[in-house]
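These are the residues of each chain, in order.
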Amino acid sequence: MPRSLCQITDFTAKEIQEIFDLCKKMKSGEIAPKPLADKSVACIFAKESLRTRISFEVGISELGGTPIYVTGGEIKLGQRETVSDAAQVLSRYVGLIMIRTFEQSDVEELAKYASVPIVNGLTDLVHPCQILGDYFTMTEHLEKKERYKVAYVGDGNNITTSWLNLASLIPIDFRIGTAEDCHPDAEIMEKAKSNPNSKILVTSDPKEACADADVIYTDVWASMGQKHLKEEKESKLQKYQLNSSLLEVANSKAIVMHCLPAERGKEITEEVMDGPQSVVFDEAENRLHIQKAIMAYLLQ
Ligand code: CP
Ligand code: NVA
């Protein structure tokens, strides 16, 4: 079975460091591998996207390959035919499969039956490329530290779980400020807590989460596929808005992160998003670089 990225814990801490090293060299232009030369990549999107679609398509081209965009509605994975049949068929045509969908189990099933690497471009459970890219962005902006203090305020969603997955592998002091019934996946949380080098805190007090933090991160209150819960989530998460009074309790050199797309004025204020501590567009740029490194690493 080839290596795939279904979630961050598919890699070891050492492999993640190797991907960051590769990313740095590829971003600077020191090396420009073409592992996808003469190959195509299926990019399956069952949900909407701006960053993931464009950064993968550009990245695939820069690695020498040809991206093929397919909508979820067109292939109807698991409905028109089994995920395992689709995995085996696609493996006869393409050198890698990138998928954004709802169920994590569909991504794992594809990886089980495909003979080419699978890269998860977001599921309801996790968004691994985003958080690998975000950690890389952090290292570009912050002084080197044994264990960064990362505060996440808002809904305990696929971004939160991906941070927890990373914290289960590398030392992170990860604080989640969220409402009682918006906690992230319990199993992923327990796994993160079992890493003795990380610290995990879940609190209903956003200021406790952000105290002296190096990073304050937020994401939309209602994720894709959950937009029917928008009003309910908004009322529960109002007090977790990333605004200037929350930023005041963080380290004075703290950076502000958001995976985007943002709902300005909801989970993050305009002032903070456009303020001097915000690195949100660097994060978006680094999606391109980290995904190129991930694909090159999986194909080596
Ligand atoms: N951050 C992110 O994945 O953005 P898109 O949903 O636009 O791809
Ligand atoms: N949590 C968000 C992330 C978007 C990149 C969602 O799943 O919609």
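Residues numbered from 1 in each chain as written. Chains lettered and ligands numbered in written order. Predicted model: local features only at pLDDT ≥ 70, side-chain atom pairs only at ≥ 80, totals over all residues. Heavy atoms only, no water.

(A) Spotlight on the layout of surface pockets. There is about 520 Å³ of room inside the largest pocket. Gln 17, Phe 20, Tyr 135, Thr 139 and Lys 144 are the residues nearest the centre of the largest pocket, which is lined by 17 residues in total. Counting only elements with at least two residues in the lining of the largest pocket, the list comes to helix H1 (13-28) and helix H6 (128-141). Counting residues per element, the lining of the largest pocket draws most heavily on H1, which supplies 6 residues. Its boundaries defined by the atoms lining it, the second largest pocket holds a volume of some 320 Å³. (1 Å grid on protein atoms, 1.4 Å probe; cavity = no way out; pocket = protein on both sides within 12 Å on 5 of 7 lines; lining within 4 Å. Points joined across faces, edges and corners; volume = space filled by probe spheres on them. Helix = DSSP H or I, 4+ residues; strand = E, 2+ residues; numbered from the N terminus.)

(B) Quick peek at the environment of Ala 111. Structurally, Ala 111 is set in helix H5 (residues 104-113). With 94 residues separating them along the chain, Ala 111 and Asp 205 place their C-alpha atoms 39 Å apart. The residues contacting Ala 111, other than those within four sequence positions of it, are Met 1, Ser 4, Cys 6 and Ile 118. (Contact = heavy atoms within 4.5 Å.)

(C) Up close: the site of ligand 2. With respect to spatial proximity, the complete set of residues near ligand 2 consists of Leu 122, His 127, Asn 157, Asn 158, Asp 219, Ser 223, Met 224 and Leu 260. A distance of 2.7 Å separates a nitrogen atom of ligand 2 from a polar side-chain atom of Ser 223. A majority-of-atoms criterion places ligand 2 in the second largest pocket. Among the residues forming the shell around ligand 2, the class breakdown is 3 nonpolar, 4 polar and 1 charged. (Near = heavy atom within 4 Å. Polar contact = N/O pair within 3.5 Å; in protein donor to acceptor, adjacent residues only side chain to side chain. Sits in = over half its atoms within 2 Å of the grid points. Nonpolar A, V, L, I, M, F, W, Y, C, P; charged D, E, K, R; others polar.)

(D) Fine view of the side chain of Gln 7. Looking at the secondary structure, you find Gln 7 in the segment before H1. Owing to a relative accessible area of 14%, Gln 7 belongs among the buried residues under this scheme. Discounting residues that sit within four places of it in the chain, Gln 7 has contacts with Gln 104, Glu 108, Val 126, Pro 128, Asn 165 and Ile 188. (Buried < 20%, exposed > 50% of the residue type's maximum accessible area, 1.4 Å probe, protein only.)

(E) Quick look at the sheet that holds strand E1 (residues 40-45). The 4 strands are arranged E2-E1-E3-E4 in an open sheet whose pairing can be described as parallel. Single-partner strands in this sheet number two, and they are strand E2 (66-71) and strand E4 (118-120). Here the average twist between neighbouring strands, direction ignored, is 20°. Pairing analysis gives 3 bridges linking strand E3 (residues 96-100) to E4, with the strands arranged parallel. Paired with Ile 97 across the two strands is Ile 118, which belongs to E4. (Pairing = 2+ DSSP bridges. Axes fitted to C-alpha atoms, helices over the stretch in contact; angles between N-to-C directions.)

(F) Region of interest: H5. The complete set of buried residues in H5 reads Gln 104, Val 107, Leu 110 and Ala 111. Buried residues of H5, viewed axially, fall in a sector of 125°; they line one side. Tucked inside the fold, the buried residues of H5 contact helix H4 (83-93), E3 and E4. (Arc of directions from axis to C-beta.)

(G) Molecular detail of the packing of aromatic side chains. Taken as a whole and judged by the stated rule, the model has 8 aromatic pairs. With a centroid separation of 5.7 Å and an interplanar angle of 35°, the aromatic rings of Phe 45 and Tyr 69 are classed as tilted. Of this pair, Phe 45 sits in strand E1 while Tyr 69 sits in strand E2, and the two are 24 residues apart along the sequence. Looking at Phe 45, the relative accessible area reads 4%, which means it is buried. Clustering of aromatic rings is evident, with ring pairs tying together Phe 20, Tyr 135, Phe 136 and Tyr 148. Lying over the aromatic face of Phe 102, Lys 47 brings its terminal NZ or CZ to 4.7 Å of the ring centre. The residue whose ring lies beneath Arg 53 is Tyr 69, and the NZ or CZ to ring-centre distance is 3.5 Å. (Phe/Tyr/Trp six-rings, centres within 6.5 Å; stacked < 30°, edge-to-face > 60°. Lys NZ or Arg CZ within 6 Å of the ring centre and 35° of its normal.)

(H) Examining the site of ligand 1 more closely. Every residue lining ligand 1 is accounted for by Ser 49, Leu 50, Arg 51, Thr 52, Arg 100, His 127, Gln 130, Cys 259, Leu 260 and Arg 287. Separating an oxygen atom of ligand 1 from a side-chain N or O atom of His 127 is a distance of 2.9 Å. Here Cys 259 contributes a backbone N or O atom positioned 3.0 Å from a nitrogen atom of ligand 1. Contact with the protein chains removes 95% of the 260 Å² of surface that ligand 1 exposes when unbound. Put simply, ligand 1 lies in the second largest pocket. (Areas by Shrake-Rupley, 256 points an atom, 1.4 Å probe, with all protein chains shown as cover.)

(I) Region of the structure containing the pairing of strand E5 (residues 148-153). Within E5, 5 of the 6 residues are buried, which leaves it mostly tucked inside the rest of the structure. In the sheet, E5 pairs with strand E6 (residues 172-177) via 6 bridges, with the strands oriented parallel. By the bridge assignment for E6, Tyr 152 is matched with Ile 176. Pairing analysis gives 4 bridges linking E5 to strand E8 (residues 215-218), with the strands arranged parallel. Its bridge partner lying in E8, Val 153 is registered against Thr 218.

(J) Seen up close, the pattern of salt bridges. Here the structure, examined in full by the defined rule, presents 18 salt bridges. Residue Lys 27 is joined to Glu 140 by a salt bridge in which the shortest nitrogen-to-oxygen separation is 2.8 Å. One end of the pair, Lys 27, is in helix H1; the other, Glu 140, is in helix H6, and 113 residues separate them in sequence. One salt bridge in this structure joins Lys 230 and Glu 263, with 2.9 Å as the shortest N-O distance. Placement of the pair is Lys 230 in helix H10 (residues 230-237) and Glu 263 in the loop between strand E9 (255-258) and helix H12 (270-273), with a sequence separation of 33 residues. You can call Glu 263 partly exposed: its relative accessible area is 24%. Each of Lys 230, Glu 234, Glu 263 and Lys 266 takes part in one network of salt bridges that share partners. (Salt bridge = Lys/Arg side-chain N within 4 Å of Asp/Glu carboxyl O.)

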